[in-house]
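Per-entry structural report
One letter stands for each residue in the lines below.
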Amino acid sequence: MVARDGFIAGFNHAPAHLGRVLILGLGKSGKAASSYCADLLGSRIDSLTIAAGARNDSACAFGRDMEQRGARVLFEYEHFEETYDLCIASPGISQFSDFYKSAQAASTEIVSEIEFAWRECPTECTWIAITGTNGKTTTTALTAHLLRSAGLSAAPVGNIGDVCLEAVAQRTAQYYVVEVSSYQLASTKLFAPKVAVLLNITPDHLSWHRSHEAYVEAKHKVLANLSKTEGAVAVLDATDETVRATVRALKATPEAERGFDYIPIGTAFGLRESMIARCGSKNAAYLSDDVLVVAFNGVEHVLCRAEDLQIKGPHNVSNALAAASSAVAIGLSDEAISEGLRTFAPLEHRIEPAGVVDGVSFYNDSKATNVDATLVAFNAFAPGSSIVLLGGRDKGTDLTPLVEAARANSAAVICFGEARERFVEAFRSDVPSDCTLDILEADHLRDAFDKACELAKPGQVVLLSPACASFDEFSCFEERGDVFKRFVKEHAARIAPNGDIEARQGGAV
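Residues numbered from 1 in each chain as written. Predicted model: local features only at pLDDT ≥ 70, side-chain atom pairs only at ≥ 80, totals over all residues. Heavy atoms only, no water.

1. Focus: the sheet that holds strand β4 (residues 86–89)
Our working definition: Pairing between strands is defined by DSSP: at least two bridges between them are needed. Secondary structure elements follow DSSP: runs of H or I no shorter than four residues count as helices, runs of E no shorter than two count as strands, and numbering proceeds from the N terminus. Under this scheme, a helix contributes an axis fitted over its contacting stretch, all axes are lines through C-alpha atoms, and angles between N-to-C directions fall in the 0 to 180 degree range.
The strand order across the open sheet built from five strands is β3-β2-β1-β4-β5, with neighbouring strands paired in parallel fashion. At either margin of the open sheet sits one strand with a lone partner, and together these are β3 (72–75) and β5 (110–112). Along the sheet, successive strands turn relative to each other by an average axial angle of 20°, direction set aside. Pairing between strand β2 (residues 45–53) and β3: four bridges, direction parallel. Across the sheet, the residue bridging to I50 is V73, located in β3.

Written as structure tokens, this is what we have:
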């Protein structure tokens, strides 16, 4: 059914006629958008052009299929002379690139795949959008787990799970819990979730955004249209300095003018303080005697104990409070939320227990591809207990906080890969006289792992938390983490070749 204003009734913002459409890029989201739009050729779409980028076997095969379905596919194409009504841009293409700017100039409107998916979604569906520099994947998975455990139809989408547009096209979920990156948010216009979670903002992806200010601006777009969704709620990590400034700005704005509610997590003094007690906030999420509490609209939701969480570390308590706040905002019971929090298991490559061998615990945190993520991992273990494997492809960020945290929290660091030289130099500079941190070097992850095994004593932890990208040695952080876990299994077999595998290599500790 088409409303008189030209939009399809019952959808967020779906024009009956999309006209001439351009797809920019052929990553996962570009392929999903291309397939979706190809199905609309001859009905809502007049023509479909796909700017596929560089040629490779996968792109060429997909392009041939699209051409058979009526699309025009352009490879290694940078400047657009024709005009388009709508351009859907892949997140890998920076909004500051010439390619993006050329498409933008040729198009009436340019949006991200997540924006397009939200527009094409029925209004009866609920969207929970989660962003932040670190922690968003765990929070997204945990939030979806809470909803599913309560019997709701929920799909984790975006950077986790299915591409948003594919999930929306399948119409299989009532709730979409979307992990949304700054890349995807940068090209949103109308995107208005029911719940928007902003976890933290620290310097990252500066080569894509060109400045920290542009990165911050992109992250904040998750809040831009909340006032247009009835009953919308923002969940904000008030322990983060940048996000706390947003909390202050929201508090200074009258609720009627703001148009949505918000729940701040913790305060500048940590998770054990409430913004209600600290500055008179209406709502708050915090720890009270190690119990997770969400106070919302005058009701105090007392949930499970932090020690009952399977995901360990203060950062995961914060992630759990964010997920719990989202669940409270959409009306889940305290019992359902508490049960879901207790039953959620750690994700792969995120401080993932990889086994216990001869009394030494191994953890795979390969997803820690920047300094801030590794700082979080340091705090997950007892001071002086961890031997940390650091290295890979260097992102060139300031290593001072990493060095200080390692000296305060770790027994040893082993620097490897392309980043080794700069990391070792940072750790060996201006060493305090009372510093007991051991500093070792290795060529590759294999060497670093072997040295860690030689050094580790029962009761200690060997932690892969590289603070670097993986591309000097591996295709992705997942491969790096899988290889680390294989090393642990091989090490267990060497230590006790005829022993019980469970005794040699246990699970979480």
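So, next bit.
2. Examining the packing of helix α16 (residues 400–409) against helix α17 (residues 420–427)
Put simply, the test is: Angles below 35 degrees are treated as roughly parallel, those above 145 as roughly antiparallel, those between 65 and 115 as roughly perpendicular, and all remaining angles as oblique. Crossing chirality is assigned from the near helix's rotation relative to the far helix, an anticlockwise turn below a right angle marking it left-handed and a clockwise turn marking it right-handed. A contact between two residues is defined here by any heavy atoms of the two lying within 4.5 Å. Any residue outside Ala, Val, Leu, Ile, Met, Phe, Trp, Tyr, Cys, Pro, Asp, Glu, Lys and Arg is labelled polar, Gly included; the first ten of those are nonpolar and the last four are charged.
The N-to-C vectors of α16 and α17 enclose an angle of 60°; their axes lie 9 Å apart at closest approach. The orientation of α16 relative to α17 falls into the category oblique. Here the hand of the crossing between α16 and α17 comes out right-handed. Two secondary-structure elements touch here, α16 through L402, V403, A406 and R407 and α17 through F423, A426 and F427. Tallied by class, the residues present in the contact of α16 with α17 amount to six nonpolar, no polar and one charged.

3. Quick word on the environment of G331
Counting through the fold element by element, G331 comes out in the loop between α13 (314–329) and α14 (334–343). Sequence separation between G331 and S187 is 144 residues; the distance between their C-alpha atoms is 30 Å.

4. What about the nonpolar core?
Note the threshold: To qualify as a nonpolar core, a set must consist of buried Ala, Val, Leu, Ile, Met, Phe, Trp, Tyr and Cys residues joined through side-chain atoms within 4.5 Å. We call a residue buried when its accessible area falls under 20% of the maximum for its residue type, exposed when it is over 50%, and partly exposed in between, using a 1.4 Å probe and counting protein chains only.
One finds V21, I88, F116, W127, Y176, V178 and L236 to be the most contacted residues of the largest nonpolar core, which totals 66 residues. Setting aside chain neighbours within four positions, we find V178 in contact with I114, W127, I128, A129, I130, T140, V157, G158, C164 and F191. One finds I263, C304, I311 and L321 within the second-largest nonpolar core, a separate group that totals 44 residues.

5. Observations concerning the pairing of strand β8 (residues 175–179)
With five of five residues buried, β8 is to be regarded as a mostly interior element. Both faces of β8 are covered, namely the face carrying Y175, V177 and E179 and the face carrying Y176 and V178. Two strands pair when backbone bridges link them, and strand β6 (residues 126–131) and β8 are joined in this way by five bridges, in the parallel orientation. Among the inter-strand pairings, W127 is bridged to a residue of β8, identified as Y176. The sheet contact formed by strand β7 (residues 154–158) and β8 spans five bridges and is parallel.

6. Points about empty space enclosed by the protein
What counts is decided by this rule: In the cavity and pocket records, a cavity denotes points on a 1 Å grid over the protein atoms alone where a 1.4 Å probe fits but cannot get out, a pocket denotes an open set with protein on both sides within 12 Å along at least 5 of 7 lines, and lining residues are residues with an atom within 4 Å of a point. Grid points are joined across faces, edges and corners, and a volume is the space filled by probe spheres set on the points.
One pass over the full model with this rule turns up one cavity of 30 Å³ or more. Roughly 40 Å³ of internal volume is contained in the largest cavity. Around the largest cavity sit eleven residues that line it, and S90, P91, I93, Y183 and S187 are the ones nearest its centre. Tallied by class, residues from the lining of the largest cavity come to six nonpolar, five polar and no charged.

7. Considerations on the packing of helix α15 (residues 371–378) against α16
Running from N to C, α15 and α16 cross one another at 10°; their axes reach a closest spacing of 10 Å. Looking at the two axes, α15 sits roughly parallel to α16. Across the interface between the two elements, V371, T374, L375 and F378 from α15 touch P401, L402, A405, A406 and N409 from α16. Residue composition of the contact of α15 with α16, grouped by class: seven nonpolar, two polar and no charged.

8. Thoughts on the sheet that holds strand β18 (residues 410–416)
Taken together, six strands build an open sheet; the order of strands is β15-β16-β20-β17-β18-β19 and the sheet is mixed. Of all strands in the sheet, those with a lone pairing partner are β15 (352–357) and β19 (438–442), marking the two edges. For this sheet, the mean angle separating the axes of adjacent strands, direction not counted, is 20°. The pairing of strand β17 (residues 386–391) with β18 spans six bridges and is parallel. Bridging from a neighbouring strand, V388 pairs with V413 of β18. The sheet contacts of helix α18 (residues 445–455) involve β16 (360–364), β17, β18, β19 and β20 (461–464), and relative to β19 the element is tilted by about 145°.

9. Quick word on the confidence of the model for the chain
Stated formally: pLDDT runs from 0 to 100 and stands for how confident the predictor is about each residue.
Here the chain averages 90 in pLDDT, and 94% of its residues register 70 or above. Within the model, the stretch residues 499–509 combines pLDDT values under 50 with 23 contacts to residues more than four positions away or in other chains.

10. Focus: the pattern of salt bridges
For clarity, the cut-off: We count a salt bridge whenever a side-chain nitrogen from Lys or Arg sits within 4 Å of a carboxyl oxygen from Asp or Glu.
The full count for this structure, using the stated rule, is 23 salt bridges. Residue E339 pairs with R342 through a salt bridge whose shortest N-O separation is 3.4 Å. With E339 and R342 both in helix α14, this residue pair falls three residues apart, about one helical turn. In this structure E339 comes out as partly exposed when scored by relative accessible area, which is 40%. Residue R420 pairs with E441 through a salt bridge whose shortest N-O separation is 3.8 Å. Here R420, found in helix α17, pairs with E441, found in strand β19; they are 21 residues apart in sequence, far enough to count as distant. Ionic contacts of the salt-bridge type, sharing partners, join the residues E348, E352, D482 and K485 into one network.

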